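Next come the chains, spelled out residue by residue.
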Amino acid sequence: MASVSRQHHANPAVSADARFSLPVEGMTCASCVGRVERALKAVPGVQTASVNLATERADITFTGLADPQAAVRAIESAGYTVREETTELAIEDMTCASCVGRVEKALAKIPGVLEATVNLATERARVRYFVGVVSTVDLEAAVQQAGYKSRRLSAETANAGDQDTERRESEARALRRSFLTAAILTLPVFILEMGSHLIPAMHHWVMGVLGQQINWYVQFALATLVMFGPGLRFFRKGVPALLRGAPDMNSLVAVGTAAAYGYSIVATFVPEVLPQGTANVYFEAAAVIVTLILLGRMLEARAKGRTSQAIKRLVGLQAKTARVQHNGETVEIALDQVTTGDIVLVRPGEKIPVDGEVVEGASYVDESMITGEPVPVSKGMGAGVVGGTINKTGAFSFRVTKVGANTVLAQIIRLVEQAQGSKLPIQALVDKVTMWFVPAVMAAATLTFLVWLIFGPSPALTFALVNAVAVLIIACPCAMGLATPTSIMVGTGRAAELGVLFRKGEALQALRDVSVIALDKTGTLTKGRPELTDLVPAEGFEYNEVLALVAAVETRSEHPIAESIVTAAKQLNLTLAPIDSFDATPGFGVSAKVAGRTVAVGADRFMTQLGLDVSSFLSTAQRLGEQGKSPLYAAIDGRLAGVIAVADPIKETTPEAIKALHALGLKVAMITGDNAATAAAIAKQLGIDEVAAEVLPDGKVAALKRFRINGAQVAFVGDGINDAPALAEADVGLAIGTGTDVAIEAADVVLMSGDLRGVTNAIALSQATIRNIKQNLFWAFAYNAVLIPVAAGALYPLNGTLLSPIFAAAAMALSSVFVLGNALRLKRFRAPMSVEARSETSEGVIASPTSGLVDGH
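Being a predicted model, the structure only gives us computed values, none of them experimental. (Residues numbered from 1 in each chain as written. Predicted model: local features only at pLDDT ≥ 70, side-chain atom pairs only at ≥ 80, totals over all residues. Heavy atoms only, no water.)

Enquirer: Could you give an account of the sheet that holds strand E22 (residues 589-594), naming the residues involved and the relevant values?
Expert: As summarised here, the arrangement of the six strands in space is E20-E25-E24-E23-E22-E21, forming an open sheet in which the pairing is antiparallel. Of all strands in the sheet, those bounded by a partner on one side alone are strand E20 (531-537) and strand E21 (579-585). Across this sheet, the average inter-strand angle for adjacent strands is 20°, counted without regard to direction. Sheet analysis places E21 next to E22, joined by five bridges and oriented antiparallel. When the sheet's bridge partners are listed, Ala 584 is paired in E22 with Val 590. (Pairing = 2+ DSSP bridges. Helix = DSSP H or I, 4+ residues; strand = E, 2+ residues; numbered from the N terminus. Axes fitted to C-alpha atoms, helices over the stretch in contact; angles between N-to-C directions.)

Enquirer: Give me the lowdown on the pairing of strand E24 (residues 631-636), citing residues and values where you can.
Expert: Of the strand pairs in this sheet, strand E23 (residues 597-602) and E24 are connected by four bridges, and their pairing is antiparallel. Bridge pairing in E24 links Val 599 to Ile 636. As judged from the six bridges shared by E24 and strand E25 (residues 639-647), these two strands associate in the antiparallel manner. Across the sheet, the residue bridging to Ala 634 is Gly 642, located in E25. The antiparallel hairpin formed by E24 and E25 contains two residues in its connecting segment, where Asp 637 sits at a positive phi of about 50°.

Enquirer: So, the UniProt feature "transmembrane region" (unreviewed entry) in the protein: which residues are in play, and what are the values?
Expert: Following the UniProt record, one finds the feature "transmembrane region" (unreviewed entry) at residues 178-202, 214-232, 252-270, 282-299, 433-455, 461-484, 777-796 and 802-824. Along residues 282-299, the helical share is 94% and the strand share 0%, with 26 Å between the first and last C-alpha atoms. Structurally, residues 777-796 is divided into 85% helix and 0% strand, and its ends, taken at the C-alpha atoms, are 28 Å apart. (UniProt positions renumbered as here; feature names shortened; annotations may be inferred.)

Enquirer: Explain the packing of aromatic side chains to me, using residue names and the numbers behind them.
Expert: Taken as a whole and assessed by the stated rule, the structure comprises twelve aromatic pairs. When the ring of Tyr 261 is compared with that of Phe 283, the centres are 6.0 Å apart and the planes differ by 70°; the resulting orientation is edge-to-face. On the criterion of sequence distance, the pair formed by Tyr 261 in helix H9 (residues 249-269) and Phe 283 in helix H10 (residues 283-307) is long-range, its members being 22 residues apart. With relative accessibility at 8%, the residue Tyr 261 sits in the buried group. Assessed through its relative accessible area of 0%, Phe 283 is described here as buried. A centroid spacing of 5.5 Å and a plane angle of 20° characterise the contact between Trp 452 and Phe 463, whose relative ring orientation is stacked. On the criterion of sequence distance, the pair formed by Trp 452 in helix H14 (residues 427-455) and Phe 463 in helix H15 (residues 460-474) is long-range, its members being eleven residues apart. An aromatic cluster of three or more residues is present, and its members are Tyr 217, Phe 220, Phe 228, Phe 235, Tyr 261, Phe 269 and Phe 283. Between Arg 605 and the ring centre of Phe 588, over which it is positioned, the NZ or CZ distance is 5.6 Å. (Phe/Tyr/Trp six-rings, centres within 6.5 Å; stacked < 30°, edge-to-face > 60°. Buried < 20%, exposed > 50% of the residue type's maximum accessible area, 1.4 Å probe, protein only. Lys NZ or Arg CZ within 6 Å of the ring centre and 35° of its normal.)

Put into structure tokens, the structure is as follows:
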């Protein structure tokens, strides 16, 4: 990172004599160096520019006022790139949506910052910037200057989540202590003041025993303890924000309570300075407001903790130690000391600590927390195992292949965290509104005060004060700031539990709007490998007899069709006899002697060449053709023995998944490299609406563009192996994973199971989450739109209704708790379809029903 002398971070340009060291990528020779240097020297304000090919860095010195981004643009225009980096910061002391806007604005102002997004629910900022232009020190300084605290979050720090959890729990405990203290001190104040107003006997007792002045002194003492004890937090944060000209929620509370408290002090100690009849006290209002807002904050902190439970559960899956073989001995070491290549021993009932490959022993492993597969999966020599899963029965050893941030579980946690920290397009408008909301509320409170003071009934000053305070207190934008991020946190966490990983939070919104689902055929609609699907023996022949003889011949062939026939015979434990005189006729078929019998396998033309009539199997061949299968024939000892079909079979769950997609009102399209006739047969069989056939791997992008008729939003579902361009081109790319390959960079959504029905669940969850966000936003905005005028006294001329500041504080606290409670309803989201997960075993791939990631365990 460069050492750079700078002025104030808020300035869009940098001070004189600034030096930068930029990492330049793409240079290969001395001419590249010269090209970059010339481009940099042409930038206004650049005094010197020195480029080093070996270190791949450009050292630049500016004279006068300089913009480092101009240097970056010059490097890019010369055909090279400057490396970008993304850093996450934990931001403390944010309380409402206006805080989010201020932190984002402060970060975005730093020269070299490309993008800054801040999330109130996760209390994190994600910043993308040019390496060498910006350092994390600059970012932290900008946050501090905006009035908040920050610290960098390292992706490699295993206990970063634990630190956040501890901090939040500590904050929740502090809020609880503050609330209880405030409540104990406020209760006598509330009873003395409101009891006197509502209960005549109480009024007479207070006046007779204490007297009005002593009563006010007692209220003053208790309210002072509340204001400058538990309530001091609002002044510590709100007053500096107000002085910076950037008021937030704390500022509203501080100004509102200070106004009520200050007016009461004047009425108590120097009543003569107030107009006749206006010397009233509002100590109970100031104290109750502080208490109720602390109650709201405490409930909010508790609910916020519940929104991140999915991440906590995922982190909890990680083992703490591993039993590793070192120098012939088995030693137990901390997980962070395990390295690639180590041999790890796992006993029955233990968690598998990291990812690896079985080298000795066999067992059954519960992978439900990763793939959602509830049935334990057989693991033998060469089978892959995933960290966080649980060994059930046997003991085995495995060689470590992935550790730390590279393990499947770490990738899942990272994807979920990234999605939870994302901002949806729907929030852009909210951010713009909330940036100006608090200043607008303060202006509305001032206007309310002036209107009541000038036009209000006697005592006008009292009315003006009470209504202005009510406006300040009721209009807190907490609910607005929490409406979207809390729903995203809970929605993406619930998705992870169901085996759906949103790599980008934006996909949550985009997926809801798609109208066409384009499906890659191989590996998505089908199992992705050829299998023997049909064998119909002729009269006089047995199924197993024909299969054993044909498979024996096919052992000499390396064609995938031959392998599938051999595999089918082995699965039935058939004995394959040795063969003689193997002969292959290209384009026709193969023949050989098997245990003294002559066997020939091939197309219909091969049978004709051998003088055999295949007309007896005409109806069977037509049926197979309609299913998109190409029939083969077998002849044994000069007689037609049967018809065989080998195909990449449709997954058992595919028809049901396509019906479910149609039920959601979506058009389903298929992209395949098959010929048009075979593709049409499969489409007819599955009820697919549109087909793009004979598409080469690099033609999938063009096929997607054809489906975008009349601006239709298209989602593409592929297996993620060779579908990267299409996944990137689609409005939403969904990669069907196997539970062991989740870091598919091109996809927006990763489905951990190999089941297409997961697409339906992802879309249903997307719809539920966006619906939840809209409910939250409606409540947050409608609440303010309705209650601010009521607090200002708009109903008073009609029916004499005024909103007490105490009720305003209660309503404000309720709004945030309501939004959080509504978001937490997403935790109870039920997947419309149960799915099946593909699970790796030492023998191959099997399918079993599943219930869901994490909570399926």
